[in-house]
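Listed here are the chains, written in short residue letters.
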Amino acid sequence: MKAVWYNENGGPEVLHHGDLPDPEVGPKTVLIQVKVISLEGGDLLNRVHTPPARVPHVPGYQAAGMVVAVGAEVTRFRKGDRVVGFNWSGSHAALFAVPETYAYPVPEGMDLDVAAVVPIAFGTAYDALFTYGGLSSGETVLIQGAAGGVGLAAVQLASQAGATVIGTASSPQRLARITPLGLTHGIDYRQEDISAHCKEITGGKGVDLVLDLAGGKGKDALVEALRGHGRYAVIGAAEGTLPTFGFFEMIRKAMQVTGISFGRDMHTPRVHELLADLLARAHAGSLVMPIEREFALADVVEAHRFVAEEHPFGRVVMRP
Ligand SMILES: NC(=O)c1ccc[n+]([C@@H]2O[C@H](COP(=O)([O-])OP(=O)(O)OC[C@H]3O[C@@H](n4cnc5c(N)ncnc54)[C@H](OP(=O)(O)O)[C@@H]3O)[C@@H](O)[C@H]2O)c1
């Protein structure tokens, strides 16, 4: 099959495109003929930071397509079904093997391009906001990194649930593009004081919940923006470095810090039901994920570079 691989961590230049053996189909595995690959924020972080367990390593979390083979013990899918699949690696290829518990049916008539970008972005955002973040109508959430895939999903889900949504991005132009999706207040994190703005918006109280998609040096300002007894969801490190929480910092705010790892929950019946609902809402058009650009899989170096350097709005997809 045509696939992308790397043998060591590094920049986009470590990515190779060529021929590799087809993946094995285990007893509980479905094999997807890939039509659309969603380039996820984590795909880039893994390329840079996570040493591959085996080489050649085929990267990538998520892709949509058609089931072309199923293992002997698979019960939920058969050849010809349209699915979007997740795995810890392997989506950057013409064939993507995923356990059947990590495959989600694409609703009848739904465009595969739309389905391919739903599960991780909207599922992570949903869990960070509601399942683990406890957000309710009338509360205020601050989303750091609101113009990325998970951030745009969180803006829409929080706003549709009746929350006040504060989001950050790197320019006023990007904030203006988020506003129609449900942003109540936008903050340019490069130019403006996040905690001062949040205090002003909340009448001095601070926000109820923070979704941190960026990590890095911005974390202290997010803690400062949080109210006492507020909740802080640790999700990602798009800034590139990993901050730490201080013992007294947490006591002083009486804050609850929750780590989110959506991949750990994606095989569960709860998440299967959640993703069926989120896919249906995306199919109906009430949730949207802008696709900024698409690339051929053979142009993977350019695609990864574009995501790393050009700040796409929403997602970039590739096609084998
Ligand atoms: N824990 C989990 O289960 C889970 C699940 C999915 C994703 N993630 C992680 O969550 C993060 C976001 O994922 P994604 O797919 O949404 O990534 P993405 O689409 O690449 O978006 C990342 C966003 O982060 C923003 N950003 C970058 N540096 C920033 C900084 N210094 N301060 C504030 N914002 C900054 C960027 O906004 P601007 O361009 O406006 O700067 C960009 O829109 C990634 O680190 C990913 O690995 C974690």
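What counts, and where the lines are drawn
Residues numbered from 1 in each chain as written. Predicted model: local features only at pLDDT ≥ 70, side-chain atom pairs only at ≥ 80, totals over all residues. Heavy atoms only, no water. Helix = DSSP H or I, 4+ residues; strand = E, 2+ residues; numbered from the N terminus. Buried < 20%, exposed > 50% of the residue type's maximum accessible area, 1.4 Å probe, protein only. Near = heavy atom within 4 Å. Polar contact = N/O pair within 3.5 Å; in protein donor to acceptor, adjacent residues only side chain to side chain. Nonpolar A, V, L, I, M, F, W, Y, C, P; charged D, E, K, R; others polar. Domains from an automatic or database assignment. Axes fitted to C-alpha atoms, helices over the stretch in contact; angles between N-to-C directions. Parallel < 35°, antiparallel > 145°, perpendicular 65-115°, else oblique. Left-handed = near helix turned anticlockwise from the far one by under 90°. Contact = heavy atoms within 4.5 Å. Core = buried A, V, L, I, M, F, W, Y, C linked by side-chain atoms within 4.5 Å. Pairing = 2+ DSSP bridges. Buried area = accessible area lost by both parts, 1.4 Å probe. Salt bridge = Lys/Arg side-chain N within 4 Å of Asp/Glu carboxyl O.

**Student:** Would you take a moment to explain unusual backbone geometry for this structure?
**Tutor:** A negative phi angle is the norm for most residues apart from glycine, just as the trans form is the norm for most peptide bonds. Following Val55, the chain continues to Pro56 via a peptide bond in cis, the omega torsion being -5°. Its place among the elements puts Pro56 in the loop between α1 (41-49) and β4 (62-70). A positive phi is found at His229, a non-glycine position, where the angle reads about 65°. When you line up the elements, His229 lands in strand β12 (residues 226-234). Its identity is not glycine, yet His311 carries a phi of approximately 50°, on the positive side. Relative to the helices and strands, His311 resides in the loop between α10 (300-310) and β15 (315-319). Among the residues examined, His311 registers a relative accessible area of 33% and is labelled partly exposed.

**Student:** So what exactly am I meant to see when it comes to the site of the ligand here?
**Tutor:** If you check the shell around the ligand, you find 27 residues, and the closest are Tyr189, Ile260, Phe262, His311 and Arg315. At 3.1 Å, a backbone N or O of Gly41 approaches an oxygen atom of the ligand. Within the backbone of Gly149, a nitrogen or oxygen atom sits 2.9 Å from an oxygen atom of the ligand. Ranked by residue count, the leading element in the shell around the ligand is α1, at three residues. Taken together, the residues that form the shell around the ligand break down as 13 nonpolar, eleven polar and three charged. No fewer than three residues from each of domain 1 (2-117 + 289-319) and domain 2 (120-263) sit in the shell around the ligand.

**Student:** Mind showing me how you'd approach the packing of helix α3 (residues 119-131) against helix α9 (residues 269-284) here?
**Tutor:** The interhelical angle for the contact between α3 and α9, taken along N-to-C directions, is 115°, at an axis separation of 10 Å. Here α3 lies roughly perpendicular to α9, going by the angle between them. Crossing of α3 against α9: the hand is right-handed. Touching Pro119, Phe122, Gly123, Tyr126, Asp127 and Thr131 of α3 are Arg270, Leu274, Leu275 and Leu278, all from α9. Partitioning the contact of α3 with α9 into residue classes produces six nonpolar, two polar and two charged.

**Student:** Explanation requested: the nonpolar core in the structure shown.
**Tutor:** For soluble globular proteins, nonpolar side chains are generally found buried alongside one another. In this structure, Leu129, Val141, Ile143, Ile178, Leu211 and Met266 are the most contacted members of the largest nonpolar core, which totals 58 residues. Among the domains, domain 1 (2-117 + 289-319) and domain 2 (120-263) are the pair contributing at least three residues each to this core. Setting aside chain neighbours within four positions, we find Val141 in contact with Leu129, Leu135, Ala158, Thr164, Val165, Ile166, Leu209 and Leu211. Tyr6, Leu15, Leu297 and Val316 belong to the second largest nonpolar core, which has 25 residues in total.

**Student:** Looking at this structure, I do not really get the sheet that holds strand β11 (residues 207-212). What am I missing?
**Tutor:** Strand pairing in a sheet relies on backbone hydrogen bonds, with the paired strands running either antiparallel or parallel. The strand order across the open sheet built from six strands is β10-β9-β8-β11-β12-β13, with neighbouring strands paired in parallel fashion. Sheet topology places β10 (185-188) and β13 (256-259) at the edges, where each strand pairs with a single neighbour. Between one strand axis and the next, the sheet turns by 20° as a mean value, whatever way the strands run. Here α3 sits on the sheet and contacts β8 (140-144), β11 and β12; the angle it forms with β11, its principal contact strand, is near 155°. Across the sheet, helix α4 (residues 149-160) lies against β8, β9 (164-169) and β11, angled at about 170° from β8, the strand it touches most.

**Student:** Can you help me understand the pairing of β4 in this one?
**Tutor:** Residues in a regular strand point their side chains to alternate faces of the sheet. Note that strand β3 (residues 29-39) and β4 share eight bridges and pair antiparallel. Residue pairing in the sheet places Ile32 in a bridge with Val67 of β4. Relative to strand β5 (residues 82-86), β4 runs antiparallel, the two sharing five bridges. Its bridge partner lying in β5, Ala63 is registered against Gly85.

**Student:** Please explain the side chain of Asp127 as it appears in this structure.
**Tutor:** Checked against the element boundaries, Asp127 lands in helix α3. Not counting residues within four places of it along the chain, the set of residues in contact with Asp127 comprises Tyr132, Gly133, Ile260, Phe262, Asp265, Arg270 and Leu274.

**Student:** Looking at this structure, I do not really get the domain arrangement of the protein chain. What am I missing?
**Tutor:** Where interface size is quoted, it is often the accessible area lost as the parts come together. Taken domain by domain, the protein chain holds domain 1 (2-117 + 289-319) and domain 2 (120-263). For domain 1 versus domain 2, the separation of C-alpha centres amounts to 28 Å. Facing the 17 residues of domain 1 at the interface are 16 residues of domain 2. Across the domain 1 to domain 2 interface the summed buried area is about 1300 Å²; carbon plus sulfur atoms make up 59%. Together, Met289, His311 and Phe313 form the three largest contributors to the area buried by domain 1 at its contact with domain 2, with a combined 45%. Here domain 1 is connected to domain 2 by one salt bridge. Note that Glu292 is salt-bridged to Arg177, the shortest N-O span being 3.5 Å. Connecting domain 1 to domain 2 are five residue pairs in polar contact (both at pLDDT 80 or more). A class-by-class count of the residues in the side of domain 1 that touches domain 2 yields ten nonpolar, four polar and three charged.

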